[in-house]
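Breakdown of the fold
Read off the chains here:
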Amino acid sequence: MTTILVTGGTGTLGRLVAQRLRANGHEVRVLSRHSQPYAVDLREGGSGLDAAVAGVDTIVHCATTARGGDEQAARHLITAARGAGVRHLVYISIVGIDRVPFGYYKAKLAVEKQIEASGLGWTILRATQFHDLVAMFLRTLSKLPVLFLPAGVGDQPVDVAEVADRLAGLATGEPAGRVDDMGGPEVRTFPDLARAYLKATGRRRPIVNVPLFGKAYRAFRAGGHLTPERAVGKRTFEEYLAARFGGGR
């Protein structure tokens, strides 16, 4: 059994990855900004990061923030990993980051390129959006009396537990480079997803599709963030909603 560090190990995905690795008998270190004994802000690095990676065989890098700093965090993590002789760096990324010119996606793509050039053994898995994120998006929009949606945009939500299973498996294997994308079982329109969410949560809102503008929106409309040919996920959005809210179709 090996020692594995999970960055962002208290988050939605990282927590599940850590659980699965521990269940398989591995020694797991959880790194996050507030989790002792490895409470580290990767954007700052420092001696705490060096202590976290010392003696580690594999790193599963789940830490991320849409508020900026992912590229700086990756630089610090890669430098520390090289210094500690880490054998394998596994990174969770997003489907379509090379096709959709969206700010957060650009940062994720930049991190991928850093990892590829790091000199470390590496594995990168791209996944579509988690059910949890789609539900959070719809919850925010449904706070208004009318639920406004970006016209013509669909999604392919995937279950976070299934992605955690895949990442844990990759972490215990050999470096594999860029592996096949992982998409949810269905490509759905946003109105369809919204109706399922409203039904599951017992809300009623009129749905209005709003056309937007810009290159990123056009890329989303074109399905740049989707991978229908890799619809390997099993759990549907309705099954997720039923488990979380006791509703759904």
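Coordinates for the structure precede this section.
Just so it is clear, the structure is predicted and the values come from calculations on it, not from any experiment. Per chain, residue numbering runs from 1 following the sequence as it is written. The model is predicted, so local features are restricted to residues of pLDDT at least 70 and side-chain atom pairs to those at 80 or more, both for listing and for counting; the totals for chains, interfaces and linings are taken over all residues. Only hydrogens and water are set aside when side-chain values are computed; all heavy atoms of the structure are taken into account.

1. A short note on the sheet that holds strand E3 (residues 58-61)
Taken in spatial order, the six strands make up an open sheet running E2-E1-E3-E4-E5-E8, and their pairing is parallel. Edge positions in the sheet fall to strand E2 (27-31) and strand E8 (177-178), since each of these pairs with one other strand and no more. The strands touched by helix H3 (residues 70-84) within the sheet are strand E1 (3-7), E3 and strand E4 (88-94), with E3 carrying the most contacts at an inclination of about 170 degrees. For two strands to pair, DSSP has to find at least two bridges joining them. For the purposes of this entry, the term helix denotes a DSSP run of H or I that reaches at least four residues, the term strand denotes a run of E that reaches at least two, and both are numbered from the N terminus. Two residues qualify as a contact provided that any one of their heavy atoms is within 4.5 Å of a heavy atom in the partner residue. In this analysis, axes come from line fits to C-alpha atoms, helices being fitted only over the stretch in contact, and the angle between any two N-to-C directions falls in the range 0 to 180 degrees.

2. So, the nonpolar core
Side chains of nonpolar character tend, in soluble globular proteins, to be buried together. Side-chain atoms within 4.5 Å are what join buried Ala, Val, Leu, Ile, Met, Phe, Trp, Tyr and Cys residues into a set we call a nonpolar core. Buried means the residue's accessible area, taken with a 1.4 Å probe over protein chains only, is under 20% of the maximum for its type, while exposed means over 50%, and partly exposed covers the values in between. With 26 residues, the main nonpolar core has Val 6, Leu 13, Val 17, Leu 21, Val 60, Val 163 and Leu 167 as its most contacted residues. Residue assignment for this core shows that the elements contributing at least two residues are E1, helix H1 (12-23), E2, E4, strand E5 (121-127) and helix H6 (160-171). Per-element tally for this core: the top contributor is H6, with seven residues. Residue contacts for Val 6: discarding those within four places in its chain leaves Gly 14, Val 17, Ala 18, Leu 21, Val 28, Arg 29, Val 30, Leu 31, Val 60 and Cys 62. Grouped together as the second largest cluster of nonpolar side chains are 25 residues, Ile 97, Val 153, Ala 219 and Phe 220 included.

3. Digging into the side chain of Glu 162
Mapping Glu 162 onto the fold places it in helix H6. Buried charge without a partner: Glu 162 forms no salt bridge, and the closest opposite charge is Arg 235, 6.5 Å away. Sequence-distant contacts of Glu 162, that is, excluding residues within four places in its chain, are made with Met 182, Gly 233, Lys 234 and Arg 235. Positive charges come from Lys and Arg, negative ones from Asp and Glu, while His and the chain ends are left out of the count. Whenever Lys or Arg places a side-chain nitrogen within 4 Å of a carboxyl oxygen from Asp or Glu, that contact is recorded as a salt bridge.

4. Re a nonpolar patch on the surface
Any residue with relative accessible area above 30% and no salt bridge may belong to a patch, with like charges joined within 9 Å and the nonpolar Val, Leu, Ile, Met, Phe, Trp and Tyr side chains within 5 Å. We get accessible surface area from the Shrake-Rupley algorithm with a probe of 1.4 Å; when it comes to residues, only the shown protein chains can shield them. On the surface, Leu 144, Phe 148 and Val 208 cluster together into a nonpolar patch covering about 250 Å² of accessible area. Within the secondary structure layout, Val 208 lies in strand E10 (residues 207-210).

5. Side note on the side chain of Ser 93
In this structure, Ser 93 sits in strand E4. Taking relative accessible area as the criterion, Ser 93 reaches 3% and is therefore assigned buried. A polar side-chain atom of Ser 93 sits 2.7 Å from a polar atom in the side chain of Glu 112. If we skip the residues at most four places from it in the chain, Ser 93 touches Lys 108, Glu 112, Ile 124, Leu 125, Arg 126 and Ala 127. Between N or O atoms, a polar contact is any pair within 3.5 Å; within protein, one atom must be a potential hydrogen donor and the other a potential acceptor, and residues adjacent in sequence are included only when both atoms are from side chains.

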